[in-house]
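Coordinate inspection notes
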Amino acid sequence: MPIKFGRPLQRSVGFVPHTETEEAQPLDLTIRLRRNRRADWARRMVREHQVTTDDLIWPVFVMGGDNTRQPVPSMPSVERLSVDQVAREAVRAAELKIPCIALFPYTDPSLRDEHGSEALNPENLVCKAIRAIKKEVPDIGVLCDVALDPYTSHGHDGLMRDGEILNDETVAVLVRQAIVQAEAGCDIIAPSDMMDGRIGAIRQGLDRNGFTHISIMAYAAKYASAFYGPFRDAADSAPQFGDRRSYQMDSANAREALREVQLDLEEGADVVMVKPALAYLDVIRLVRDHFEVPVAAYNVSGEYSMVKAAAQKGWVEEKRIVLEILLGIQRAGAEIILTYHAKDAVRWLKS
Ligand code: PBG
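A short tour of the structure in this document, coming up. Owing to the predicted nature of the structure, the values given are computational and were not obtained by experimental measurement. (Residues numbered from 1 in each chain as written. Predicted model: local features only at pLDDT ≥ 70, side-chain atom pairs only at ≥ 80, totals over all residues. Heavy atoms only, no water.)

**Observations regarding the pattern of salt bridges**
For the coordinates displayed, the defined rule picks out 21 salt bridges. Across the pair Arg44 and Asp40 runs a salt bridge whose closest N-O atoms are separated by 3.1 Å. Highlighted residues: Arg44 and Asp40, both in helix H1 (residues 40–46), separated by four residues, approximately one helical turn. Residue Arg44 is classed as exposed on the basis of its relative accessible area, which comes to 52%. We note a salt bridge from Arg347 to Asp344, for which the minimum N-O separation is 3.0 Å. Of this pair, Arg347 and Asp344 both sit in helix H11 (residues 342–350), three residues apart, which is roughly one turn of the helix. Judged by relative accessible area, Arg347 falls into the partly exposed class, the value being 39%. (Salt bridge = Lys/Arg side-chain N within 4 Å of Asp/Glu carboxyl O. Helix = DSSP H or I, 4+ residues; strand = E, 2+ residues; numbered from the N terminus. Buried < 20%, exposed > 50% of the residue type's maximum accessible area, 1.4 Å probe, protein only.)

In structure tokens:
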């Protein structure tokens, strides 16, 4: 039977003095919630949620060259890493027990064209990084975006004709991109393009090429968001004209996210993602309540950089803010969180 709060359970309310001359009397309370908060051991014991290292995915930017690390100005402490450095960081991440790394390429502009052809090159940065990581640390998971924006000269996620992003033609290329990444050894394919029908097509493409064991984490409810700004700086993937609102979701819509998620699940997604996280905690909760599947949330670049900027100014305490944010995302219903703070968070969670 559900417990009724308030009067029926409380014996009676004691006398509360109204003037300074009246003497305070103890309230006659049956229920005192502070009892569970009195001591650290008690607080730990009644804790409902706990973020652990196992919940985190660490996104990393890959660049060309050798033994090179390049700071991303709009994302303090984040660097673009050459393939050898990515492999080195993967070793560190594995030591920290971070389960999975997400790879994002910073493609040289000379390699970009209208069709995003470099996405299909088995020797592109992402494929090289996958192989380098798998050689050094076979046990860490590697997740790769499927989308054309790092590879197209116009910076859009798909193929274009007359200013229009073509859906079905793009999906055909994305299927090939997914297979190329799977051949390189990627464990999780994460379509972030938001074309209709891409999950089903990619699932079929993977299965027909012997990759039935490769998972799909669908960027299912991906919103057209200003919070991606620093990422586009890091990957140099801002659209050259227009915006992404003809394929990414409208921030005003929450119910529509359920349709996106349902379709992606019907088409074969293993995990569904909501992105960004903080302005969309209600969407994470909706998805969690409607579907019995793993839910991921992407704590995106803008969310990261806002915390970093405020922390650098001394306005917030970075460690506590980050752990509180991660807990909030988990409480909203996400069991997997992609965060640029992953390595720090692991250290902080231990201390
Ligand atoms: C590519 C992609 C983007 C992000 C992840 N994959 C950018 C975008 O869609 O514009 C954003 C991640 C972040 O902001 O941290 N499609």
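**Some remarks on the environment of Tyr151**
Within the secondary structure, Tyr151 is located in the loop between strand S5 (141–146) and strand S6 (160–161). Along the primary structure Tyr151 and Leu56 are separated by 95 residues, whereas in three dimensions their C-alpha atoms are 27 Å apart.

**Side note on the site of the ligand**
Not every one of the 19 residues close to the ligand is listed here, only the nearest: Lys222, Arg232, Lys275, Ser301 and Tyr340. Ser192 places a side-chain nitrogen or oxygen 3.0 Å from a nitrogen atom of the ligand. The protein chains hide 100% of the 400 Å² of surface that the ligand would expose on its own. Of all the secondary structure elements, the ones that give two or more residues to the shell around the ligand are strand S9 (215–222) and helix H6 (229–234). Its residues placed into classes, the shell around the ligand shows nine nonpolar, three polar and seven charged. (Near = heavy atom within 4 Å. Polar contact = N/O pair within 3.5 Å; in protein donor to acceptor, adjacent residues only side chain to side chain. Areas by Shrake-Rupley, 256 points an atom, 1.4 Å probe, with all protein chains shown as cover. Nonpolar A, V, L, I, M, F, W, Y, C, P; charged D, E, K, R; others polar.)

**Observations regarding the packing of aromatic side chains**
How two aromatic rings sit relative to each other is given by the distance of their centres and the angle of their planes. Summed over all chains, the structure comprises nine aromatic pairs. Note on Phe61 and Phe104: the rings are 6.1 Å apart at their centroids and 45 degrees apart in plane angle, and the pair reads as tilted. Placement of the pair is Phe61 in strand S1 (residues 56–63) and Phe104 in strand S4 (residues 100–105), with a sequence separation of 43 residues. By the burial criterion, Phe61 is buried, and Phe104 matches it. Each ring, one from Phe61 and one from Phe231, has its centre 5.4 Å from the other, and the planes form 55 degrees; the classification is tilted. With Phe61 in strand S1 and Phe231 in helix H6, this pair connects stretches of sequence that are 170 residues apart. In this structure Phe61 comes out as buried when scored by relative accessible area, which is 0%. Judged by relative accessible area, which is 15%, Phe231 ranks as buried. (Phe/Tyr/Trp six-rings, centres within 6.5 Å; stacked < 30°, edge-to-face > 60°.)

**Thoughts on the environment of Asn36**
Its location among the elements puts Asn36 in the segment before H1. Taking C-alpha positions, Asn36 is 38 Å from Val261, a pair spaced 225 residues apart along the chain. In this view, Asn36 contacts Ala42, Arg43 and Val46; residues no more than four positions away in its chain are not counted. (Contact = heavy atoms within 4.5 Å.)

**Looking at the pairing of strand S11 (residues 295–299)**
Here S11 lies mainly inside the structure; five of its five residues are buried. Going residue by residue along S11, you find Val295, Ala297 and Asn299 tucked away on one face and Ala296 and Tyr298 tucked away on the opposite face as well. Strand direction decides the pairing type here: strand S10 (residues 271–275) and S11, joined by three bridges, are parallel. Looking across to S11, one finds that Val272 is bridged to Val295. Note that the unit made of S10, helix H8 (residues 281–290) and S11 has a crossover that is right-handed. Note that S11 and strand S12 (residues 336–339) share four bridges and pair parallel. Residue pairing for S12: Tyr298 is matched across the bridge by Leu338. (Pairing = 2+ DSSP bridges. Right-handed = clockwise from strand over helix to strand, strands pointing away.)

**A look at a nonpolar patch on the surface**
Together, Trp41, Met45 and Val46 make up an exposed nonpolar region whose accessible area comes to about 360 Å². Along the polypeptide, Val46 turns up in helix H1. (Patch = residues over 30% accessible without salt bridge, like charges linked within 9 Å, V, L, I, M, F, W, Y side chains within 5 Å.)

**Brief notes about the nonpolar core**
Leu103, Ile202, Leu206, Ile284 and Val287 are the most contacted members of the largest nonpolar core, which has 86 residues in total. Not counting residues within four places of it along the chain, the set of residues in contact with Leu103 comprises Val60, Val62, Val86, Val126, Ala129, Ile130, Ile133, Val142, Leu143, Cys144 and Asp145. In terms of nonpolar packing, the next biggest core, distinct from the first, is built from 26 residues, Phe61, Val72, Ala102 and Met273 among them. (Core = buried A, V, L, I, M, F, W, Y, C linked by side-chain atoms within 4.5 Å.)

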